[in-house]
Amino acid sequence: MDFTFTPEQDALRKQARDFLEANPEPSFAELAELGWTGVSIAEEAGGVGAGFVEEAVLYEELGRALYHGPFFSTFALALPALPDDLRAEVAAGTTSWTLALGPLVPDLDTADRIATVGGDGIYELEGAEREVLTTTDETRPLGVVRGGTVGRRLADSTVLEEIATRSNAALAVEACGVARRALELAIEYAASREQFGKKIGVYQAVAHPLADAYTQLELARSLALWAAWCVAEGDERARIAAAAARAHATEAAVRVCETSIQVHGGIGFTWEHVLHRLYKRALWIQSFGPSTTRLRAEIAAALLEGGQVFHVPDLRPEHGRPDPALAPTTQGG
Amino acid sequence: MDLRDTPEEAAFRAELRAWIETNLPDELRGHRGGAMRFEGPELRAWSKALYEAGYAGLTWPKEYGGGGAPYTHQAIFLEEMARAEAPPHIGVIGIGMAGPTIMAHGTEEQKARYLAPILSADEIWCQGFSEPGAGSDLAGVRTSARLEDGHFVVDGQKVWSSFAHIADFCILLTRSDPESTRHAGLTYLIVDMHSPGVEVRPLRQMTGESEFNEIFFNSVRVPVENLLGEVGGGWQVAMTTLLHERGTLGFALQAALEVQVRKLVALARDRGADPLQRDRIAREWIEMQALRYTNYRSLSQLMKTGLPGPEGSISKLVWSEANQRVTKLALEILGPDAALAEENAPYGGYWQYQQLRSRGNTIEAGTSEVLRNIIAERVLGLPKSR
Ligand SMILES: Cc1cc2nc3c(=O)[nH]c(=O)nc-3n(C[C@H](O)[C@H](O)[C@H](O)COP(=O)(O)OP(=O)(O)OC[C@H]3O[C@@H](n4cnc5c(N)ncnc54)[C@H](O)[C@@H]3O)c2cc1C
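Predicted, not measured: the structure shown is a model, and the values here were computed from it.

K.L.:
Talk me through the overall build of chain A; I want residue IDs and the actual numbers.
P.N.:
Helix and strand content of chain A: 10 helices and 9 strands. Expected size for 333 residues packed as a compact globule is a radius of gyration near 20 Å; at 21 Å, chain A falls within 12% of this value. Counting the 333 residues in chain A, one finds 58% classified as buried. At a minimum sequence separation of 6, the contacts of chain A that also span at least 24 residues come to 65%. Averaged over its 29 positive side-chain charges, chain A has a centre that lies 6 Å from the centre of its 47 negative ones.

Now the structure itself:
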């Protein structure tokens, strides 16, 4: 058991942090030059051949930097549906994608091509008219598509489950990146701002909510990284881990941002301060896809009606049997 | 990053799982805990069995009766114990606090004398830190220790001392310099609870039973060999104890929560849960998993760098509050039956007992307020409130 990042993953994070601080609005082609667009694409398809954990490092850093562009829509949504030749174009940075899962399509202002779900397949949508809508979070617009013709069949709709899992995991990690930045800002502020002759961080009414914010964020991050690892490894728990991670992390991120705004006082309520942008991204993440209550309903169903419950650490299949369903115990419930 | 067991860890887990299946008596499985666990000889026998199989004190050095195993084995051990709903070793304070403190600060003679009997469950330990006037603010300790011809003479009163009524030894924080205040002038002693002048009075808890006690020390003579650390250096030694009380217990706490959530799920399967309750069950399962993986992260950091990750400091706070929510939710699911108790209640009153006992969780081993102060000051680096 090892739940730490490799030196290469740490280096990727550092590269991402430094690059995005210097270039807050990179183009998709610039991301390709850094190798980020091919990170989880196999080498045979022109990618880097790393995995979803590396991609998760990028989601976290891109979230922190409030990156505006089609990274999420290309990799968390469309990628599982793309055949190898199209993956190669994505890896090279020549095409980005979005996927119309519902009426509101993310990154429609920046994605080059559009995939859509129809019947038992996922197809390219060609020649559609795009209307980008006004969104609270200006850094990740949604839009609607009209008309167009159904083009190439990209994949069976069976990949939709993988897409749901990937996007839940990606959003969970991204939420952690957003929340980390909001928490860091609050800590800096609480340690420097003085009122009533003392640093405000001395007051427990300030310090304790920050301790709680830290606690919720660390819990969220543990779940998000667990989910990312499950996705990377094709672990059988990936679906439930990703649902758990997104349900927890999105609510935590919204709360951490709210705590940070409160700790900042008036300045935290201004348009100039970055906090409202972080907050709006957290709210965007919470709004996308199934609601957190819906995700918990799925988990409850797995726990209460499912045949498989994942309380117990993995026995490697070669070393023992998988955990059987949790039957009611006789003693003590 | 690889969250699977290594082949070596997996072999350990499989062997352990099989051992528990064979050796854990059915009547100890899913036991409700509490003071009644001390009544019969079963728990001592189970603890001894753990010791003889090499599972007690897994991470302790072999020369002191431990297993000399890496922390990952301890994590696996606690997960498997939770999975089987097996009761923990009876020597909670000895294994969790006294032992590690003796290993860190004790002389060779002390290590040789005290450590193995803790693991074999032959000797039970208690912790004498809190006093009527010194709780969260432990530096206010007043129980005195006077050095007098090769002995410390101890006078004073301790309170809330868990297991003191069955304990053979006490880790005692005293004030050896009557002129001193606060952190200086404290001395840490190992006290034989069978010494003349030691009087233990059980205190009744809101659960109706007595797990904790008052201890009165009336001119109790403690040989100087029982000094742990330096005279006047008791505060540093006490900090080691508290670190272990809150820190290395992380996995034990997660394991306890896991048992609780398993039982909550089983209860809901048994009696049904409405949609809002189902939502809360899912929340608790998620938080339990979050605690597990947070402990994994902290442990992995420890294995790699020798220092646990800072996120480990949230374990006790998270567990205690989660345990309170889980047990209260169970009572809601029980509906009107929640008002019943003991043998008249479903499942022998398990949930009624657990819910009441959980109120102590946010007080014992550092209150939640004190833990939030610690996170704010030591982890987040906010200015000190005191
Ligand atoms: C079940 C149980 C078992 C125990 N077992 C043992 C044992 O084996 N050995 C032992 O030595 N002790 C034991 N204790 C005692 C425990 O450590 C103390 O109760 C605890 O440290 C709190 O001290 P206190 O009770 O004096 O409360 P106080 O310290 O008086 O606290 C009262 C309230 O004030 C709050 N408060 C105090 N200081 C601050 C601050 N700086 N900031 C914010 N809020 C603050 C507290 O959080 C609490 O809510 C046990 C307690 C319980 C409940």
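Now that the structure is up, let's keep going.
K.L.:
Talk me through the overall build of chain B; I want residue IDs and the actual numbers.
P.N.:
Each helix and strand in chain B was counted, giving 11 helices and 8 strands. Against the globule reference of 21 Å for 386 residues, chain B gives a C-alpha radius of gyration of 21 Å, in line with a compact fold. Overall size of chain B, expressed as C-alpha extent along the three principal axes, is 65 × 50 × 50 Å. Going through the 386 residues of chain B one by one, you find that 58% of them count as buried. With the model as given, the accessible surface of chain B reaches about 15200 Å², and the carbon-plus-sulfur share is 54%.

K.L.:
How would you explain the site of the ligand if you had to name every residue and give the values?
P.N.:
Lining the immediate environment of the ligand, one finds 16 residues, of which Ser 130, Ser 136, Trp 160, Thr 367 and Glu 369 of chain B sit closest. Each of chains A and B places residues next to the ligand. Here Gln 204 of chain A contributes a side-chain N or O atom positioned 2.9 Å from a nitrogen atom of the ligand. A distance of 2.8 Å is found between an oxygen atom of the ligand and a backbone nitrogen or oxygen belonging to Ser 130 of chain B.

K.L.:
I'd like a description of the sheet that holds strand β5 (residues 129-132) of chain A, backed by residues and values.
P.N.:
Residue and element names in this part refer to chain A. Pairing is antiparallel in the open sheet, where 3 strands are placed in the order β2-β6-β5. Each having just a single partner strand, β2 (105-106) and β5 make up the two edges of the open sheet. As paired strands, β2 and strand β6 (residues 142-146) are joined by 2 bridges and run antiparallel to one another. Paired with Pro 106 across the bridge in β6 is Leu 142.

K.L.:
I'd love a proper account of the packing of aromatic side chains, names of residues and values included.
P.N.:
Counted under the stated rule, the structure contains 22 aromatic pairs over all chains. Geometrically, the ring pair formed by Tyr 350 of chain B and Trp 351 of chain B is edge-to-face, given 5.0 Å between the ring centres and 90° between the ring planes. Comparing Tyr 350 of chain B with Trp 351 of chain B, the two get one shared label, buried. Every member of this aromatic cluster is reached through a ring pair, and the members are Phe 3 and Trp 226 of chain A together with Phe 251, Tyr 293 and Tyr 296 of chain B. Positioned above the aromatic ring of Trp 284 of chain A is the side chain of Arg 140 of chain A, whose terminal nitrogen or guanidinium carbon lies 4.8 Å from the ring centre. Between Lys 263 of chain B and the ring centre of Tyr 350 of chain B, over which it is positioned, the NZ or CZ distance is 4.6 Å.

K.L.:
Explain helix α3 (residues 71-83) of chain B residue by residue, including any values.
P.N.:
Residues and elements named next belong to chain B. Over its 13 residues, α3 extends 18 Å from the first C-alpha to the last, a length consistent with the 18 Å expected when each residue adds 1.5 Å. Burial analysis of α3 places 11 of its 13 residues in the buried class, the great majority of the element. The secondary structure elements touched by the buried residues of α3 are α1 (7-23), α2 (42-52), α7 (250-271) and α8 (275-305). Of the residues flanking the end of α3, it is Glu 85, one or two places downstream, whose phi is positive at about 55°.

K.L.:
Explain the packing of helix α8 (residues 238-264) of chain A against α8 of chain B to me, using residue names and the numbers behind them.
P.N.:
For any two helices packed against each other, one specifies the inter-axial angle together with the distance between the axes. For the pair α8 of chain A and α8 of chain B, interaxial distance at closest approach is 10 Å and the crossing angle is 95°. On the basis of their axis angle, the class for α8 of chain A and α8 of chain B is roughly perpendicular. Contacts between α8 of chain A and α8 of chain B involve Ile 240, Ala 244, Ala 247, His 248 and Glu 251 of chain A on the former and, on the latter, Arg 283, Trp 285, Ile 286 and Glu 287 of chain B. Of the residues belonging to the contact of α8 of chain A with α8 of chain B, the class tally is 5 nonpolar, 1 polar and 3 charged.

K.L.:
Tell me about unusual backbone geometry, and name the residues and values.
P.N.:
In this model, Asp 107 of chain A sits at a positive phi of 55°, which is unusual for a non-glycine residue. Here Asp 107 of chain A shows up in the loop between β2 and β3 (113-118). Phi is positive for Ala 121 of chain B, which is not a glycine, with a value near 65°. Judged by relative accessible area, which is 4%, Ala 121 of chain B ranks as buried.

K.L.:
Pulling in residues and values, what's your account of the interface of chain A and chain B?
P.N.:
On the side of chain B, 69 residues touch chain A, which itself brings 66 residues to the contact. Summed over both partners, the interface of chain A with chain B comes to about 6400 Å²; 61% of that surface belongs to carbon and sulfur atoms. Between chain A and chain B we count 7 salt bridges in total. Between Glu 305 of chain A and Arg 278 of chain B there is a salt bridge; the shortest N-O distance is 2.8 Å. Our enumeration of links across chain A and chain B arrives at 23 residue pairs in polar contact (both at pLDDT 80 or more). Mapped onto the side of chain A that touches chain B, the elements with two or more residues apiece are α6 (159-192), α7 (204-233), α8 and α10 (292-304) of chain A. The residue inventory of the side of chain A that touches chain B, partitioned by class, reads 34 nonpolar, 18 polar and 14 charged.

K.L.:
Before we move on, can you summarise the nonpolar core with the specific residues and values?
P.N.:
Residues Trp 36 of chain A together with Trp 125, Trp 285 and Trp 351 of chain B are the most contacted members of the largest nonpolar core, which totals 202 residues. With 18 residues, the single largest contributor to this core is α7 of chain A. Sequence-distant contacts of Trp 36 of chain A, defined by excluding residues within four places in its chain, comprise Leu 12, Gln 15, Ala 16, Phe 19, Leu 20, Leu 31, Leu 58, Leu 62 and Phe 71 of chain A. The next biggest cluster of nonpolar side chains, apart from the first, holds 17 residues, and it includes Ala 164, Val 191, Val 198 and Phe 217 of chain B.

K.L.:
I'd love a proper account of the confidence of the model for chain B, names of residues and values included.
P.N.:
In the predicted model, chain B carries a mean pLDDT of 93, and 98% of its residues have values of at least 70. The ipTM, which scores confidence in the relative placement of chains, is 0.95 for this predicted complex, and the corresponding pTM is 0.95.

K.L.:
An account of the sheet that holds strand β4 (residues 121-126) of chain A is needed here, citing residue identities and associated values.
P.N.:
Residues and elements named next belong to chain A. Taken in spatial order, the 4 strands of this open sheet run β1-β3-β4-β7, and their pairing is mixed. In the strand order of this sheet, the two ends are held by β1 (97-100) and β7 (149-156), each with one partner. Averaged over all pairs of adjacent strands, the angle between strand axes in this sheet comes to 35°, irrespective of strand direction. As paired elements, β3 and β4 share 5 bridges and run antiparallel to each other. If you follow Ala 115 over to β4, its bridge partner there is Glu 124. Contacts from α6 reach β1, β3, β4 and β7, with the element oriented near 75° to β4.

K.L.:
I'd like a description of the environment of Met 206 of chain B, backed by residues and values.
P.N.:
All names here are of chain B. Examined against the element boundaries, Met 206 turns out to sit in the loop between β6 (198-202) and β7 (212-223). Under the relative-accessibility criterion, Met 206 is labelled exposed at 58%. Separated by 70 residues in sequence, Met 206 and Ser 136 have C-alpha atoms that sit 21 Å apart.

K.L.:
Residues and numbers for the confidence of the model for chain A, please.
P.N.:
Predicted confidence across chain A gives a mean pLDDT of 92, with 92% of residues reaching 70 or more. Ignoring residues within four places in sequence, the model shows residues 310-333 of chain A, a span with pLDDT below 50, making 72 contacts including any to other chains.

Calculation rules
- Here the residue index of a chain counts from 1 through its sequence in written order.
- Chains carry letters from A onward and ligands carry numbers from 1 onward, assigned in written order.
- Where local features are concerned, this predicted model is filtered to residues with pLDDT of at least 70; where side-chain atom pairs are given and counted, the filter is 80 or more; whole-chain, interface and lining totals use all residues.
- Heavy atoms throughout the structure, all of them, feed into the side-chain values; hydrogens and water do not.
- Only DSSP runs of H or I with at least four residues qualify as helices, and only runs of E with at least two residues qualify as strands; both kinds are numbered from the N terminus onward.
- The quantity called the radius of gyration is restricted to C-alpha atoms. Its globule counterpart is 2.2 Å times the number of residues to the power 0.38.
- To sort residues, take the accessible area from a 1.4 Å probe on protein chains only and compare it with the maximum for the residue type: under 20% means buried, over 50% means exposed, and anything in between is partly exposed.
- Any two residues having at least one pair of non-hydrogen atoms within 4.5 Å are treated as being in contact.
- Here Asp and Glu are counted as negative and Lys and Arg as positive; His is not counted, and neither are the chain ends.
- Note on charges: their place is set at NZ of Lys, CZ of Arg, CG of Asp or CD of Glu.
- Per-residue and other accessible areas follow the Shrake-Rupley method at a 1.4 Å probe size, with only the shown protein chains counted as cover for residues.
- We call a residue near a given molecule or strand whenever any one of its heavy atoms falls within 4 Å of it.
- Polar contacts, as used here, are pairs of N or O atoms within 3.5 Å; protein pairs need one atom able to donate a hydrogen and one able to accept it. Residues neighboring in sequence count only if both atoms are side-chain atoms.
- Strand pairing is assigned whenever DSSP identifies at least 2 bridges connecting the two strands.
- Here is the rule: rings of Phe, Tyr and Trp (six-membered ring for Trp) pair when centre to centre is within 6.5 Å. Planes less than 30 degrees apart are stacked, more than 60 are edge-to-face, and the remainder are tilted.
- Put simply, a charge is over a ring when the Lys NZ or the Arg CZ is close to the ring centre, within 6 Å, and near the line of the ring normal, within 35 degrees.
- Multiplying one less than the number of residues by 1.5 Å gives the expected span of a helix.
- Between N-to-C directions, angles span 0 to 180 degrees; the directions come from axes that are lines fitted to C-alpha atoms, helices contributing only their stretch in contact.
- Throughout this description, any angle smaller than 35 degrees is read as roughly parallel, any larger than 145 degrees as roughly antiparallel, any in the 65 to 115 degree range as roughly perpendicular, and the remainder as oblique.
- When residues are sorted by character, Ala, Val, Leu, Ile, Met, Phe, Trp, Tyr, Cys and Pro go into the nonpolar class, Asp, Glu, Lys and Arg into the charged class, and all the rest, Gly among them, into the polar class.
- When two components associate, each loses some accessible surface as probed by a 1.4 Å sphere; the sum of these losses over both components is called the buried area.
- When a carboxyl oxygen of Asp or Glu lies within 4 Å of a side-chain nitrogen of Lys or Arg, that pair is called a salt bridge.
- As used here, the term nonpolar core means buried Ala, Val, Leu, Ile, Met, Phe, Trp, Tyr and Cys residues forming a set that is joined through side-chain atoms within 4.5 Å.
- A score between 0 and 100, pLDDT records how confident the predictor is in each residue.

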